[in-house]
Amino acid sequence: MTRRAGHADASSWGYLVTAPHRPGPARPAIPAPGGGEAGGSAASASERASERAPDSDDSGLLAALLDGMDTALCAFGADGTVTHWNREAERILGWTAAEAVGRQGLAGWAVRPADAAEVAARLDEAMAAPGRHVHEFALLTKDGGRVLVRTQLSALPGAGERPAGVYCAFSEVHTQIDLERSIALSEALFGDASWGVVLVDADLRPALANAHAARALRTGRTALLGRPLGELLEQGVEEVEGALQHVLAAGAPPAPTDLWVTLRDQGGAPPERRCWRSGFLRLASPLAEEPVPLGVAWLFLDVTAARLTEQDSARLRFRASQLHRAGRAVAECEDPMEAASLYLDFALAGFADHALIDLLPEPRATPDSPVRLVRATATPAGTPGPCPATGRGGLPVPYPDGHPALQAVERCGSVRAASDCTETWAAARKWPEGTVHALATALRSRGRTLGAVTFLRGPSRRPFDRSDATYAEDIACRVAASIDLADEAR
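Summary of the structure given here.

Cut-offs used in this document
Residues numbered from 1 in each chain as written. Predicted model: local features only at pLDDT ≥ 70, side-chain atom pairs only at ≥ 80, totals over all residues. Heavy atoms only, no water. Helix = DSSP H or I, 4+ residues; strand = E, 2+ residues; numbered from the N terminus. Expected span 1.5 Å × (residues − 1). Buried < 20%, exposed > 50% of the residue type's maximum accessible area, 1.4 Å probe, protein only. 1 Å grid on protein atoms, 1.4 Å probe; cavity = no way out; pocket = protein on both sides within 12 Å on 5 of 7 lines; lining within 4 Å. Points joined across faces, edges and corners; volume = space filled by probe spheres on them. Nonpolar A, V, L, I, M, F, W, Y, C, P; charged D, E, K, R; others polar. Salt bridge = Lys/Arg side-chain N within 4 Å of Asp/Glu carboxyl O. Pairing = 2+ DSSP bridges. Core = buried A, V, L, I, M, F, W, Y, C linked by side-chain atoms within 4.5 Å. Phe/Tyr/Trp six-rings, centres within 6.5 Å; stacked < 30°, edge-to-face > 60°. Lys NZ or Arg CZ within 6 Å of the ring centre and 35° of its normal. Contact = heavy atoms within 4.5 Å. Axes fitted to C-alpha atoms, helices over the stretch in contact; angles between N-to-C directions. Parallel < 35°, antiparallel > 145°, perpendicular 65-115°, else oblique. Left-handed = near helix turned anticlockwise from the far one by under 90°.

Description of helix H8 (residues 304-330)
Turning to step 1, where the next piece is worked out: Between the first and last C-alpha of H8 there are 38 Å, a value that for 27 residues agrees with the 39 Å anticipated at 1.5 Å per step.
Turning to step 2, where the next piece is worked out: For H8, the complete set of buried residues consists of Thr304, Arg307, Arg319, Gln322, Leu323, Ala326 and Val330.

Written out as structure tokens, the structure reads:
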């Protein structure tokens, strides 16, 4: 395979070109004080030493640079003689510099005779044409083995228009392919990868991000670079930064993890809670003697829909299990009002903090206005405990107009309410202190409204949603049937 390139490929190959040293004209001897010849000879020797010192330093520097290269390098003179051979070339082929330098070409020792003509033609072509030329050769090792290498040939210009030789940098093909794969992988990840990829520096600031990550963070690829994560995430930033710091200190975790975050308002979009399946990789420099972390590669995928579906399924299974257990327990109750209270005790687990049952003085198909409700049972407002049943009786609860329980009775449905963040919101509605979310549902049995059951949540719980209202209505049907049975037994 032959490829000609007029520009540098994305590889680790480097080139060092040095012009041959051309000594200047000899300087006349400077006589020593007193006109002695010896003094002049000493001064001239000193000058010659000082003139040779830079050449010696340049030669040592050139040797050190050639031997320190990660790529094998050899050079040929205009007559095809090997002039340079570095340690990487010795490592790959086994021939030392002493054995290689001075040989005429590569034929007979580093190249098979059958390939010698082609290799020599490539060297002559590179010496005669400008630019760099990429080829693949099969070279011979000192022990007789063969190794496939990828070479870059570049002519070394000499005096006038005649080339002074050619430099050949080569490496094993599999090493070069590994490098190209790594570069291709990086380009693919930061292109249109389906995962979000963010490179975070040691200061926990994004240094590079792909298009998927930028869309997930609701910003542009360049706009998020260098910004603290706290400017992009409203909630969950502590968990993300903690994970990044752990990776920098201890390395990557053994498995991906789910991180729940809430994005900040970007350009008028409302805050949104998302779940990102995240994996982390610590990045270390391959050139350092000891692994020094350069940052962290954060790869994530939005799995919000799947996680919400899993949570809903788990919630439904738990609630169905609670209703099943409640039905088994209620079947052993002799008092129907005790059964109604027992339903609430089972329903509260994982659903609400408190529950209230308020009944009409008499069941009505259509309640008369104004509606008055009497407290029948309530869970303890202080410490958790069983829900005591008191039965219908006593004075009506002084609910204000528009109270959710009154609305539920009037509409024969469910009503949700949320706190307005004032301290008197719960007290004004005759609910326990700390209540911030409420769900009231009408109690219906045999075409009549018996009252309402109200479920209350504190600030540590999320607001009631439609699935919660469906579950509350299921509980209300069972509670209403028990209360209706208690009324018939009176």
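Let's talk about empty space enclosed by the protein
Turning to step 1, where the next piece is worked out: Within this structure, the stated rule accounts for 1 cavity of 30 Å³ or more.
Turning to step 2, where the next piece is worked out: In this structure, the largest cavity spans a volume of roughly 70 Å³.
Turning to step 3, where the next piece is worked out: Contributing to the lining of the largest cavity are Cys74, Trp85, Leu93, Leu106, Val119, Leu123, Phe137, Leu139, Thr151, Leu153, Cys168 and Phe170.
Turning to step 4, where the next piece is worked out: Elements with a minimum of two residues in the lining of the largest cavity: helix H4 (113-128), strand S4 (132-140), strand S5 (146-157) and strand S6 (163-172).
Turning to step 5, where the next piece is worked out: Here the lining of the largest cavity is built from residues that sort into 11 nonpolar, 1 polar and no charged.

Re the pattern of salt bridges
Pairs can form between side chains of opposite charge once their charged atoms are near each other.
Turning to step 1, where the next piece is worked out: Counted under the stated rule, the structure contains 25 salt bridges.
Turning to step 2, where the next piece is worked out: In this structure, the salt-bridge partner of Glu272 is Arg218, at a minimum N-O distance of 2.5 Å. Of this pair, Glu272 sits in strand S11 (residues 272-284) while Arg218 sits in the loop between helix H6 (211-216) and strand S9 (233-235), placing them 54 residues apart in sequence.
Turning to step 3, where the next piece is worked out: Given a relative accessible area of 32%, Glu272 falls into the partly exposed group.
Turning to step 4, where the next piece is worked out: Taking the relative accessible area as the measure of exposure, Arg218 reaches 22% and is therefore partly exposed.
Turning to step 5, where the next piece is worked out: Salt-bridge contacts for Arg307 lead to Asp258; the nearest nitrogen and oxygen are separated by 2.6 Å. Pair noted here: Arg307 is in helix H8 and Asp258 is in strand S10 (residues 257-263), with a separation of 49 residues, a long-range link.

Here we look at the pairing of strand S13 (residues 354-364)
Turning to step 1, where the next piece is worked out: In terms of burial, S13 is largely enclosed, as 8 of its 11 residues are buried.
Turning to step 2, where the next piece is worked out: Across 7 bridges, the pairing between S13 and strand S17 (residues 448-457) is antiparallel. Directly across from Asp358, in S17, lies its bridge partner Ala452.
Turning to step 3, where the next piece is worked out: Both S13 and strand S14 (residues 374-378) contribute to a ladder of 4 bridges, which runs antiparallel. Note on S14: the bridge partner recorded for Leu359 is Val374.

What to know about the nonpolar core
Turning to step 1, where the next piece is worked out: In this structure, Ile357, Leu443, Phe455, Val479 and Ile483 are the most contacted members of the largest nonpolar core, which totals 32 residues.
Turning to step 2, where the next piece is worked out: Those elements giving two or more residues to this core turn out to be H8, helix H9 (336-348), S13, strand S16 (437-445), S17 and helix H12 (466-489).
Turning to step 3, where the next piece is worked out: A per-element tally of this core places H12 first, with 9 residues.
Turning to step 4, where the next piece is worked out: Residues Trp85, Leu106, Val119 and Phe137 belong to the second largest nonpolar core, which totals 27 residues.

Some thoughts on the packing of aromatic side chains
Turning to step 1, where the next piece is worked out: Under the counting rule described, the total for this entry stands at 10 aromatic pairs.
Turning to step 2, where the next piece is worked out: Ring geometry for Trp298 versus Phe300: centroids 5.0 Å apart, planes at 45°, classification tilted.
Turning to step 3, where the next piece is worked out: Among the residues examined, Trp298 registers a relative accessible area of 1% and is labelled buried.
Turning to step 4, where the next piece is worked out: You can call Phe300 buried: its relative accessible area is 1%.
Turning to step 5, where the next piece is worked out: Cluster of aromatic residues (ring-pair linked, three or more members): Trp276, Phe280, Trp298 and Phe300.
Turning to step 6, where the next piece is worked out: Looking at Arg103, its charged tip hangs above the ring of Trp109, at a distance of 4.8 Å from the centre.
Turning to step 7, where the next piece is worked out: For the cation-ring pair, Arg457 lies above Phe351, with the distance from its terminal atom to the ring centre recorded as 5.3 Å.

Description of unusual backbone geometry
Turning to step 1, where the next piece is worked out: Here the bond from Ser369 into Pro370 is cis, since omega is 0°, no more than 30 degrees from zero.
Turning to step 2, where the next piece is worked out: Looking at the secondary structure, you find Pro370 in the loop between S13 and S14.
Turning to step 3, where the next piece is worked out: Even without a glycine there, the phi angle at Leu204 is positive, about 65°.
Turning to step 4, where the next piece is worked out: Along the chain, Leu204 falls in the loop between strand S7 (196-201) and strand S8 (206-209).
Turning to step 5, where the next piece is worked out: Backbone geometry at Cys421 places phi at a positive 70°, although glycine is not the residue there.

Looking at the side chain of His403
Turning to step 1, where the next piece is worked out: In this fold, His403 is placed in the loop between S14 and helix H10 (404-411).
Turning to step 2, where the next piece is worked out: Once you skip the residues sitting within four places of it in the chain, His403 turns out to touch Arg429 and Trp431.

Regarding the packing of H8 against H9
Turning to step 1, where the next piece is worked out: Direction vectors running N to C along H8 and H9 enclose 155°, while the axes themselves pass 9 Å from each other. The pairing of H8 with H9 is recorded here as roughly antiparallel in orientation. In the crossing of H8 with H9, the sense of the turn from one axis to the other is right-handed. Touching Gln322, Arg325, Ala326, Gly327, Ala329 and Val330 of H8 are Ala339, Leu342, Tyr343 and Phe346, all from H9.
Turning to step 2, where the next piece is worked out: Split into classes, the residues belonging to the contact of H8 with H9 amount to 7 nonpolar, 2 polar and 1 charged.

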